[in-house]
Amino acid sequence: SMNVIREILDKEEKKRISRKILEALPNWFGIKEAREEYISDCESQYFFAAEKDREAIGFLCLKQTGKDTVEVSVMGILPEFHRQGIGKELFALARQYALEKGFSFMQVKTVQMGCYDIYDDTNKFYKSLGFKEFEVFPTLWDEWNPCQIYVMYLG
């Protein structure tokens, strides 16, 4: 069956979906405190879910970070659905949404390329979407996780 991607407005549904997905991704979201923070932050953000047979299999959150800028603050796809283009589909809808809302730039933060294999995959994913390397902040998070910021012009 086809995947359906839709915006979620209900706060409880946002929390339920983000919890389900993030708890299934311990390699990326294994630290409980950090995971809980993502889940509660989702409530106030633009939230898109990918569904198959009416069950959420992935989501993406967009957070406004400035007058002209949104950030992909968190996203995740259930492991059994990785590498099937669902992240790209979610992103395409989120990008279109940001454009329609009048935003000019989108940014995303991840661990710099060359530190960990799983984050190298994440870097490659964002580059494949058209994000450009903007700046590395070596200690924004901590010295083991140098923060790479990517940016995209939406115009």
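In case you missed it, the structure is sitting above this.
Positions within a chain are numbered from 1, following the residues in the order the chain's sequence is written. With pLDDT at 70 or above as the cut-off, local features in this predicted model cover only qualifying residues; side-chain atom pairs require 80 or more to be listed or tallied, and sums for whole chains, interfaces and linings still use all residues. In computing side-chain properties, one takes all heavy atoms of the structure into account and sets aside hydrogens as well as water.

1. Quick notes on the nonpolar core
Point 1. For this analysis, a nonpolar core means a set of buried residues of the types Ala, Val, Leu, Ile, Met, Phe, Trp, Tyr and Cys, connected via side-chain atoms within 4.5 Å. The buried label goes to any residue with under 20% of its type's maximum accessible area, the exposed label to any with over 50%, and the partly exposed label to all in between, with areas taken from a 1.4 Å probe on protein chains only. If you look at the biggest cluster of nonpolar residues, it comprises 40 residues, and the most contacted ones within it are Phe 59, Leu 60, Leu 62, Val 72, Met 106 and Phe 131.
Point 2. Any pair of residues with heavy atoms lying within 4.5 Å of one another is described as a contacting pair. What Val 72 contacts, discounting residues up to four positions off in sequence, is Leu 60, Cys 61, Leu 62, Phe 91, Met 106, Gln 107, Val 108, Tyr 126 and Phe 131.

2. Description of unusual backbone geometry
Negative phi is the rule for most residues except glycine; trans is the rule for most peptide bonds.
Point 1. A positive phi angle, close to 50°, is found at Asp 53, a residue other than glycine.
Point 2. When you line up the elements, Asp 53 lands in the loop between strand 2 (46–52) and strand 3 (55–66).
Point 3. According to the relative accessible area criterion, Asp 53 is exposed, its value standing at 58%.
Point 4. In this model, Arg 83 sits at a positive phi of 60°, which is unusual for a non-glycine residue.
Point 5. In this fold, Arg 83 is placed in the loop between strand 4 (69–77) and helix 4 (86–100). Helix and strand labels come from DSSP, where a helix needs a run of H or I of at least four residues and a strand needs a run of E of at least two; each type is numbered from the N terminus.

3. Considering the pairing of strand 2
Point 1. Strand 2 sits mainly inside the fold: five of its seven residues count as buried.
Point 2. Only strands joined by at least two bridges in the DSSP assignment are considered to pair. Relative to strand 3, strand 2 is paired through seven bridges, and the arrangement is antiparallel. Within the sheet, the bridge partner assigned to Tyr 46 lies in strand 3 and is Leu 62.
Point 3. Counting the residues between successive antiparallel strands, the hairpin from strand 2 to strand 3 contains two residues, one of them, Asp 53, with a positive phi of roughly 50°.

4. Structural notes on helix 3 (residues 32–42)
Point 1. Among the residues making up helix 3, those that are buried are Arg 35, Ile 39 and Cys 42. Along the axis of helix 3, the buried residues cluster in a sector spanning 60°; they form a single face. When the buried face of helix 3 is taken as reference, the exposed residues oriented beyond 90 degrees from it are Glu 33 and Glu 37.
Point 2. Close packing links the buried residues of helix 3 with helix 1 (11–23), helix 2 (26–29), strand 2, strand 3 and strand 4. When we speak of the arc, we mean the arc of directions from the helix axis to the C-beta atoms.

5. Remarks on the packing of helix 4 against helix 5 (residues 117–129)
Point 1. Think of each axis as a best-fit line through the C-alpha atoms, taken over the contacting stretch in the case of a helix, with angles from 0 to 180 degrees between the N-to-C directions. Look at helix 4 against helix 5: their axes get within 11 Å of each other, and the N-to-C directions meet at 45°. Classified by the angle their axes make, helix 4 and helix 5 are oblique. For helix 4 against helix 5, the interelement crossing comes out right-handed. On the side of helix 4, the interface is formed by Gly 87, Lys 88 and Phe 91, while helix 5 contributes Phe 125, Ser 128 and Leu 129.
Point 2. Partitioned by chemical class, the residues of the contact of helix 4 with helix 5 number three nonpolar, two polar and one charged. In what follows, roughly perpendicular refers to angles from 65 to 115 degrees, roughly parallel to angles under 35, roughly antiparallel to angles over 145, and oblique to any angle outside these ranges. A crossing counts as left-handed when the near helix is turned anticlockwise from the far one by less than a right angle, and as right-handed when that turn is clockwise. Asp, Glu, Lys and Arg are counted as charged, while Ala, Val, Leu, Ile, Met, Phe, Trp, Tyr, Cys and Pro are counted as nonpolar; the rest, among them Gly, fall into the polar class.

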